[in-house]
Amino acid sequence: MEDKIRIISRLRKSSFIRSVALVAGGSAAAQAIMVILSPLITRLYGPDAFGSLRVFTSVAAVLIPLAGMGYAEAIVLPRTARQARLLGTISVLSALAFSALLLFSIALFRLSLAAYLGFNASPFFLLLLPLVVLCAVFEKTGSQGLIRNRSFRLISGIAIIQALLTGVAKVGAGFIYASVQTLLWIYIGGHFLHALLLQGANRTGTLREIEGACPVKKEEPNGLFQQRAVDLMREYRDFPIYRMPQQFLSAVSANLPVIILGAYFGSATAGFYGLALTVLMLPVTVISRAFSQVLLSKLTSLAHQGQRLLPFMVKTTTVLGALGLVAFTPVWLLGPQIFAFAFGQEWYMAGTLGRWIAVPVFFQFVNPPTVQSLALTNSNRYLFAWSVLSTVVKIVVLLIAGVIFQSGVIAVAAYSTVAALAYLVRIAGAMKRANDPTRLRFA
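Residues numbered from 1 in each chain as written. Predicted model: local features only at pLDDT ≥ 70, side-chain atom pairs only at ≥ 80, totals over all residues. Heavy atoms only, no water.

Q: In this structure, what is going on with the overall build of the chain? I would like to understand it.
A: Helix and strand content of the chain: 16 helices and zero strands. Residues classed as buried in the chain amount to 55% of the 443 residues present. Intrachain contacts of the chain at a sequence separation of at least 6 include 83% that bridge at least 24 residues. Entry remark: accessible area of the chain is about 19,900 Å², with carbon and sulfur atoms responsible for 67%. (Helix = DSSP H or I, 4+ residues; strand = E, 2+ residues; numbered from the N terminus. Buried < 20%, exposed > 50% of the residue type's maximum accessible area, 1.4 Å probe, protein only. Contact = heavy atoms within 4.5 Å. Areas by Shrake-Rupley, 256 points an atom, 1.4 Å probe, with all protein chains shown as cover.)

Structure follows, in structure tokens:
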């Protein structure tokens, strides 16, 4: 009994646990809002509208990692705040250039692109993809700045505000005009709002500060500022070389199934897959990503101190594994029945797909300790190689299964099995590298 009391006391005093609880609490509250409203939203809009929305969001998710060149991921790592802010500037300037090029390309080919994607809404919405991409980079630089400063309470509060406003907007607008256009406008507005709140939390007021940057001092020559930027880009060059392509391939792997399912089996199937994935990602969003945000700060601190990362990684991975079994076992056993009861009988198929999707999502749930460690063990090259191989294999398997069996369920089952095995390989590789102290970036 005394041992239990002592353990509880240690947990309460642990800054790591308190930080996780803060982020998880905010994420849980934000997702609770969406869970409460989702049964009403799914009955208002239907599978076809959700399918078209999911195609749009999937294309955006694939493009977002390319915009900032991966430098936003490194904002937490520098020892000085000046370097961190400069990385934010580099990220946003890259995103501005990418978004301008993307807008020009979409303007030329939006009609053909809409037809190829099976996008049922107006092709005009594709012109708004660059805005979504740009907002996402502002979100990333803002959130990474808050993580660096351990402002987890602000992250939680912002998540709650965004979820509440977008959820209420979907319901309210759905009673007036339930359509895919309504969902798209709310999705785009949600990204803009989130970026604005995160950057506001970083106490920004001017355009240069909104970029997540450190303003150039008046007495500092432009040439010196540019040289510092070039030096910093060179120091963290493994992020655009390996981390950015890895994130892009990860996004392709996660979102291309929606696009393929929509093209081969219709927007309703894409909607079923999209809802199942959204629901099953709730534990990842609420708990796993909360761990992820705090873990990055904690692991960076351990690396700066020259300590081994593996013991802490094993402990947190074990905890996440136990929580994951509790979260996903009901879906494996009663997925179709749960979805039909919660979202309406027309969503029964989403639960059938969800049984398979839950397998790789479980391994994604336990993955944060290992994937966050890779940036600190100079393993971006390994992560990139894993992403290339796993993405190619998963997409090929998905296409072959879909063409041969002409069944969305079999295609998703094959894809999910390969994805789960790929996550296992990545976790094992990250653990092995974390056990080697000579690999630490700050060794």
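Next comes the rest of the write-up.
Q: Looking at this structure, I do not really get helix α9 (residues 238–265). What am I missing?
A: In an α-helix, one turn spans 3.6 residues; hence positions three or four apart end up facing the same way. Its 28 residues give α9 an end-to-end C-alpha distance of 39 Å, which sits within 8% of 40 Å, the value for a rise of 1.5 Å per residue. Its maximal kink placed at N255, α9 deviates by approximately 40 degrees, while the proline P257 follows within four residues. G266 lies just past α9 and shows a positive phi near 100 degrees. (Expected span 1.5 Å × (residues − 1). Bend = angle between axes of the 7 residues up to and from the residue.)

Q: Sorry if this is basic, but what is going on with unusual backbone geometry here?
A: Glycine aside, the phi torsion of most residues is negative, and most peptide linkages are trans. We note that M69 has phi near 60 degrees; this positive angle belongs to a residue other than glycine. As for its position among the elements, M69 is in the loop between α2 (15–67) and α3 (81–117). According to the relative accessible area criterion, M69 is partly exposed, its value standing at 29%. Backbone geometry places Q406, a non-glycine residue, at a positive phi of 50 degrees. Structurally, Q406 is set in the loop between α15 (380–405) and α16 (408–434). For Q406, a relative accessible area of 55% gives the class exposed.

Q: What should I look at first to understand the environment of V392 in this one?
A: Structurally, V392 can be placed in helix α15. Since its relative accessible area comes to 47%, V392 is described here as partly exposed. The spatial distance from the C-alpha of V392 to the C-alpha of S253 is 8.2 Å, given a sequence separation of 139 residues.

Q: Please explain the packing of helix α10 (residues 267–280) against helix α12 (residues 310–343) as it appears in this structure.
A: Any two packed helices are characterised by the angle at which their axes cross and by the distance between the axes. It is at 12 Å that the axes of α10 and α12 come closest, and there the two elements cross at 120 degrees. When the interaxial angle is binned, α10 and α12 end up oblique. Our pair here, α10 against α12, has a crossing hand that is right-handed. Note on element contacts: α12 touches α10 through F328, V331, F339 and F343, opposite L275, A276, V279 and L280. (Axes fitted to C-alpha atoms, helices over the stretch in contact; angles between N-to-C directions. Parallel < 35°, antiparallel > 145°, perpendicular 65-115°, else oblique. Left-handed = near helix turned anticlockwise from the far one by under 90°.)

Q: Whenever I open this one, the nonpolar core confuses me. Can you help?
A: Across soluble globular proteins, nonpolar side chains show a tendency to be buried alongside one another. Counting 110 residues, the largest nonpolar core has F56, F119, Y273 and I357 as its most contacted members. The element contributing the most residues to this core is α2, with 14 residues. If you look at the next biggest cluster of nonpolar residues, it comprises ten residues, including V76, I147, I155 and L198. (Core = buried A, V, L, I, M, F, W, Y, C linked by side-chain atoms within 4.5 Å.)

Q: Can you walk me through the side chain of T141 in this structure?
A: Within the secondary structure, T141 sits in helix α4 (residues 129–148). What T141 contacts, discounting residues up to four positions off in sequence, is A72, I75, G88, S91, V92, Q199 and N202.

Q: Just checking my understanding: could you explain the packing of aromatic side chains for this structure?
A: One pair of aromatic rings is described through two measures. These are the centre distance and the angle between the planes. Under the definition given, this model contains 16 aromatic pairs. With centroids separated by 6.0 Å and ring planes inclined at 90 degrees, the aromatic side chains of F56 and Y187 adopt a geometry described as edge-to-face. Highlighted residues: F56 in helix α2 and Y187 in helix α6 (residues 180–201), separated in sequence by 131 residues. Here F56 matches Y187 in class, with each residue buried. Relative to F265, the ring of Y264 has its centre 6.3 Å away and its plane inclined at 40 degrees; by these criteria the two rings are tilted. Here Y264 falls in the partly exposed class, since its relative accessible area comes to 48%. For F265, a relative accessible area of 26% puts it in the partly exposed group. Of the aromatic side chains, those joined through ring pairs into one cluster are F328, W332, F362, F363 and F365. The residue whose ring lies beneath R433 is Y382, and the NZ or CZ to ring-centre distance is 3.9 Å. (Phe/Tyr/Trp six-rings, centres within 6.5 Å; stacked < 30°, edge-to-face > 60°. Lys NZ or Arg CZ within 6 Å of the ring centre and 35° of its normal.)

Q: Got a minute to help me understand α3 in this structure?
A: Between its terminal C-alpha atoms α3 stretches only 43 Å, short of the 54 Å expected from 37 residues at 1.5 Å a residue. If you look at α3, its biggest bend is around 75 degrees, right at F109. Residue G118 follows α3 closely and has a positive phi angle near 70 degrees.

Q: Would you explain the environment of A107 in this entry?
A: Note that A107 resides in helix α3. For A107 and P123, which are 16 residues apart along the polypeptide, the C-alpha to C-alpha distance reads 9.6 Å.

Q: Quick question: what am I supposed to make of a nonpolar patch on the surface here?
A: On the surface, Y264, V388, V392, V396, L399, I400, V403, I404, F405 and I410 cluster together to form a nonpolar patch covering roughly 870 Å² of accessible area. Here I400 lies in helix α15. Overall, I400 belongs to the partly exposed group, its relative accessible area being 45%. (Patch = residues over 30% accessible without salt bridge, like charges linked within 9 Å, V, L, I, M, F, W, Y side chains within 5 Å. Salt bridge = Lys/Arg side-chain N within 4 Å of Asp/Glu carboxyl O.)

Q: Even after reading the chapter, I still don't get the packing of α12 against α16, so can you show me in this structure?
A: The N-to-C vectors of α12 and α16 enclose an angle of 150 degrees; their axes lie 9 Å apart at closest approach. Judged by the inter-axis angle, α12 sits roughly antiparallel to α16. Between α12 and α16 the crossing geometry is left-handed. Of the residues in α16, those touching α12 at L310, M313, V314 and T317 are A430, M431 and A434. Each residue belonging to the contact of α12 with α16 can be placed in one class, and the counts come to six nonpolar, one polar and no charged. (Nonpolar A, V, L, I, M, F, W, Y, C, P; charged D, E, K, R; others polar.)

Q: Please explain the environment of L421 as it appears in this structure.
A: The residue L421 is located in helix α16 in this model. Distance from L421 to S390, taken between C-alpha atoms, is 9.2 Å for residues 31 residues apart in sequence.

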